[in-house]
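Now for the letters of each chain:
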Protein chains: 2
Amino acid sequence: MTTPPRRPLTLRDVSEASGVSEMTVSRVLRNKGDVSEATRARVQEAAKRLGYVPNKIAGALASSRVNLVAVVIPSLKNMVFPEVLSGISETLETTALQPVVGVTDYGQDKEEKVLFEMLSWRPAGVIVAGLEHSETAQAMLHNAGCPVVEIMDTDGEPIDCCVGISHRRAGRHMAEAIIAQGYRRVGFMGTKMPLDHRARKRFEGFTRALGKAGIEMADQEFYSGGSALAKGREMTAAMLGRTPDLDFLYYSNDMIGAGGLLYLLEKGIDIPGRVGLAGFNGVELLEGLPRRLATTDACRREIGQRAAQMVLARQLDATLASEVVELEPSLDPGDTLLRT
Amino acid sequence: MTTPPRRPLTLRDVSEASGVSEMTVSRVLRNKGDVSEATRARVQEAAKRLGYVPNKIAGALASSRVNLVAVVIPSLKNMVFPEVLSGISETLETTALQPVVGVTDYGQDKEEKVLFEMLSWRPAGVIVAGLEHSETAQAMLHNAGCPVVEIMDTDGEPIDCCVGISHRRAGRHMAEAIIAQGYRRVGFMGTKMPLDHRARKRFEGFTRALGKAGIEMADQEFYSGGSALAKGREMTAAMLGRTPDLDFLYYSNDMIGAGGLLYLLEKGIDIPGRVGLAGFNGVELLEGLPRRLATTDACRREIGQRAAQMVLARQLDATLASEVVELEPSLDPGDTLLRT
DNA sequence: ATGAAAGCGCTAACAA
DNA sequence: TTGTTAGCGCTTTCAT
């Protein structure tokens, strides 16, 4: 690091500093083609000494190769998405590809904007949460000119590749487990529907399965915003207040479920004797709770890994066909579901 | 959307489809210069019909303007960083700038890699967590050729701009509050130090202030990995087992503090009569706990906002000088610190 | 093993 | 208001 330059350095600077043509410098810096050890060393020394950072913009334009994978998710506040991201990152870690994250805040307009923005950088692949997109967004994805992987959900028509779980089935399975345990007065708490398609599908699968067993949902409540843990408390208190004979509470995510659990324990209510509980997601947080909340593991890390692999595979062989993978979420009864 | 093309569309395609020069098409698409309403309409119609997505790579190369702001943080699993990100995003929302996130996993090597990768896209600004970087990383930031904002921490020498809190002072203040309440046998639980400089500085400030009051740390324990909530439980149980006369527990983050709180409540231990507790960060989660854990709010959202503003300001006026802002974290005693 | 020339898709600067 | 001409900094291709 000699004197810091105001103008970013170019290949030409390294070329002049090392007395080697730009072309050869380029080759060295990319470990391409045959270059003698002598020149390679000189070039590397010069590049390092100057503190040269290649300009990927120019490189990408010239080669029409971009090592970015666009990842579009609804939010970072819900721990679920960072976990999917981890799966993606760890899989891409050892490759040349790099994830770039865009957040939609559960909005279709925002999703359009984010997609447009990301696609204008011509990414090597797109990983996007969910199967529901605006017409415009669908069109953009169709014309993306790169592999597209829709993740988290398999209930719908994918544009290209897809990996996730069926939330309808997840809801149904939980309902079946609840019924099998003899619960009959079931309440549901969740996020306001239009915002979250997967939560909505779980709800639908859940209510339908209850219906088939001749059980009608005894009470339900939906929230948005605020501390999920606190909301879980409040909603649980309110619901049990107005429908005291409930014997099971199904929460659309573990966080509100945890809030409910803490509230009921405080009240000294017998779980699951008096009320059974279940959440959804299988988040790490549950491990530290006084009781293990029943939940369904949504395979988040694996979804991320598989999605990244799909993009990678299509990098190597662009002719690969679309691929749809439905993962099997596992129901963990914890300590709040099984009546012994 | 007529027939989906394999080759991405270019300005030329829109130019031909609309019978207007590339240059004018470019102007329309960027709302630049004077263009007649008639041509503007024709161009926009053509662009929309074809489904044209501009190539930012070419645009950036030609204009040497990139609307990306690199944000480099240690992790997404610690809710603190998504919150900082929210502050950044919401501030940039209404501007042309866009955040791009890189994660270092608390590793200096990884930080170097991520920085190099991001800088090679010539971002309009860099926002990076912490003041501790490898020599190489520091050199890169110096030569970045764009505003650099180091965030979260002010205890050290910033490269350019800086906004955060003094973690040493935060630790000291908590110690002073604890001492003022008459606690004398204090235990500390936190993350393994080398990974987290801010936690280390809080610890240092804390122990030093205790020392000045003639109090020596009675016990301490450090963890890494695993569910923070569960670790908080385990460590609390272990520590109280081996040092039963502790009257205060200071946790380096709210999550392990919450675990400790839940554990102690379960054991029926009087809080804060028998043991006082405090965490750090002021995370939303605390609102749903049975008791409000004492904590220090680390101003995360504001840090994000201020950092984004610093980058924005320097976009408009590149001559602006470096700026260092130390925010004042507020100590919230909750229900677990004050002996009434 | 190395170099020279052309051009990736766009925009700045100027001309008309 | 619109068009023309040069590049931006690299990589591809082809020569040497």
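Just so we're clear, the structure is a prediction, and the values are computed from it rather than from any experiment.

Caption draft 1: Focus on the overall build of chain A. Of regular secondary structure, chain A possesses 12 helices and 12 strands. In terms of C-alpha radius of gyration, chain A reaches 26 Å, well past the compact-globule figure of 20 Å for 340 residues. Taking the principal axes of the C-alpha coordinates as reference, chain A spans close to 85 × 40 × 35 Å. Per-residue burial for chain A yields a buried fraction of 55% across its 340 residues. The long-range fraction of contacts in chain A, counting pairs at least 24 apart against all pairs at least 6 apart in sequence, stands at 67%.

Caption draft 2: Structural detail: the sheet that holds strand β5 (residues 161-165) of chain A. All names here are of chain A. If you walk across this open sheet you meet the 6 strands as β2-β1-β3-β4-β5-β11, and the pairing is parallel. Each end of this open sheet is capped by a strand with a single partner; those strands are β2 (98-103) and β11 (324-326). With direction set aside, neighbouring strand axes in the sheet form an average angle of 15°. Two strands pair when backbone bridges link them, and strand β1 (residues 68-73) and β2 are joined in this way by 6 bridges, in the parallel orientation. Within β2, the residue paired with isoleucine 73 across the bridge is valine 103.

Caption draft 3: Main features of the nonpolar core. Counting 105 residues, the largest nonpolar core has Ile151(A), Phe206(A), Ile151(B) and Phe206(B) as its most contacted members. Every residue in contact with Phe206(A), bar those within four places of it in the chain, is listed here: Gly171(A), Arg172(A), Met174(A), Ala175(A), Ile178(A), Val186(A), Phe188(A), Met217(A) and Tyr250(A). With 48 residues, the next largest nonpolar core counts Leu285(A), Leu229(B), Leu285(B) and Leu286(B) among its residues.

Caption draft 4: Molecular detail of the interface of chain A and chain B. With 55 residues of chain A at the contact, the number on the chain B side is 55 residues. A buried area of about 4,900 Å², summed over both sides, lies between chain A and chain B, and 64% of it is on carbon and sulfur atoms. The three residues of chain A that bury the most area against chain B are Ile57(A), Trp121(A) and Arg122(A), which together make up 14% of that side's buried surface. At the junction of chain A with chain B, the criterion picks out 4 salt bridges. Taking the shortest distance from any N to any O, the salt bridge between Lys110(A) and Glu93(B) comes out at 3.5 Å. The interface formed by chain A and chain B contains 14 residue pairs in polar contact (both at pLDDT 80 or more). Among the elements of the structure, α4 (56-63), α5 (80-92), β2, α6 (108-119), α10 (228-242) and α11 (254-266) of chain A are those that each provide at least two residues to the side of chain A that touches chain B. Broken down by element, the residue count for the side of chain A that touches chain B peaks at 5 residues, all from α4(A).

Caption draft 5: Examining the domain arrangement of chain A more closely. Splitting chain A by domain gives domain 1 (1-52) and domain 2 (167-297). Of note, the centres of domain 1 of chain A and domain 2 of chain A, computed from C-alpha atoms alone, are 61 Å apart.

Caption draft 6: A look at the relation of the copies chain A and chain B. Relative to chain B, chain A is turned by 180° and slid 0.0 Å along the rotation axis, the superposed coordinates differing by an RMSD of 0.1 Å. Accordingly, the operation relating the two chain copies is best matched by a two-fold axis. Among all residues of chain A, the minimum C-alpha distance to the rotation axis is found for Ile57(A), at 2.8 Å. The share of interface residues of chain A whose copies in chain B are also at the interface is 98%, consistent with both copies meeting through the same surface.

Caption draft 7: Broad picture of the packing of aromatic side chains. Applying the stated rule across the entire model yields 15 aromatic pairs over all chains. Note on Tyr183(B) and Phe248(B): the rings are 4.7 Å apart at their centroids and 65° apart in plane angle, and the pair reads as edge-to-face. Of this pair, Tyr183(B) sits in the loop between α8 (167-180) and β6 (186-191) while Phe248(B) sits in strand β8 (residues 248-251), and the two are 65 residues apart along the sequence. There is no split in this pair, since Tyr183(B) and Phe248(B) are both buried. Between Phe206(B) and Tyr250(B), the ring centres sit 4.3 Å apart and the planes meet at 40°, which makes this aromatic pair tilted. Of this pair, Phe206(B) sits in helix α9 (residues 197-212) while Tyr250(B) sits in strand β8, and the two are 44 residues apart along the sequence. Using a relative accessible area of 0% as the deciding quantity, one classes Phe206(B) as buried. Relative accessible area serves as the criterion here: at 1%, Tyr250(B) is assigned to the buried category. Through a chain of ring-to-ring contacts, three or more aromatic side chains come together here, namely Phe188(A), Phe203(A), Phe206(A), Phe222(A) and Tyr250(A). Geometry around Phe280(A) places Arg202(A) over its ring, the cationic atom sitting 3.8 Å from the centre.

Caption draft 8: Seen up close, the sheet that holds strand β9 (residues 276-278) of chain A. All names here are of chain A. Overall, parallel pairing links the 4 strands, which are arranged β7-β6-β8-β9 in an open sheet. Sheet topology places β7 (219-223) and β9 at the edges, where each strand pairs with a single neighbour. Sheet twist, expressed as the average angle between the axes of neighbouring strands with direction ignored, equals 15°. Strands β6 (186-191), β7 and β8 (248-251) of the sheet are contacted by α10, whose axis makes an angle of about 155° with β7.

Caption draft 9: Region of the structure containing the protein's contact with DNA strand C. What surrounds DNA strand C is a group of 23 residues, the closest being Arg27(A), Asp34(A), Leu11(B), Ser26(B) and Tyr52(B). Looking at DNA strand C alone, sugar and phosphate atoms form 66% of those within 4 Å of the protein. The separation between a phosphate oxygen of DNA strand C and a polar side-chain atom of Asp34(A) is 3.2 Å. Here Leu61(A) contributes a backbone N or O atom positioned 3.4 Å from a base oxygen of DNA strand C. Within the residue set of the surface near DNA strand C, elements represented by two or more residues are α2 (22-30) and α4 of chain A together with α2 (22-30) and α4 (56-63) of chain B. Among the elements that take part in the surface near DNA strand C, α4(B) stands out by supplying 4 residues, more than any other. Along the lines of polarity and charge, the residues of the surface near DNA strand C split into 10 nonpolar, 9 polar and 4 charged.

Basis of the calculations
- Residues numbered from 1 in each chain as written.
- Chains lettered and ligands numbered in written order.
- Predicted model: local features only at pLDDT ≥ 70, side-chain atom pairs only at ≥ 80, totals over all residues.
- Heavy atoms only, no water.
- Helix = DSSP H or I, 4+ residues; strand = E, 2+ residues; numbered from the N terminus.
- Rg over C-alpha atoms; globule rule 2.2 N^0.38 Å.
- Buried < 20%, exposed > 50% of the residue type's maximum accessible area, 1.4 Å probe, protein only.
- Contact = heavy atoms within 4.5 Å.
- Pairing = 2+ DSSP bridges.
- Axes fitted to C-alpha atoms, helices over the stretch in contact; angles between N-to-C directions.
- Core = buried A, V, L, I, M, F, W, Y, C linked by side-chain atoms within 4.5 Å.
- Buried area = accessible area lost by both parts, 1.4 Å probe.
- Salt bridge = Lys/Arg side-chain N within 4 Å of Asp/Glu carboxyl O.
- Polar contact = N/O pair within 3.5 Å; in protein donor to acceptor, adjacent residues only side chain to side chain.
- Domains from an automatic or database assignment.
- Least-squares fit on C-alpha atoms with pLDDT ≥ 70 in both.
- Phe/Tyr/Trp six-rings, centres within 6.5 Å; stacked < 30°, edge-to-face > 60°.
- Lys NZ or Arg CZ within 6 Å of the ring centre and 35° of its normal.
- Near = heavy atom within 4 Å.
- Nonpolar A, V, L, I, M, F, W, Y, C, P; charged D, E, K, R; others polar.

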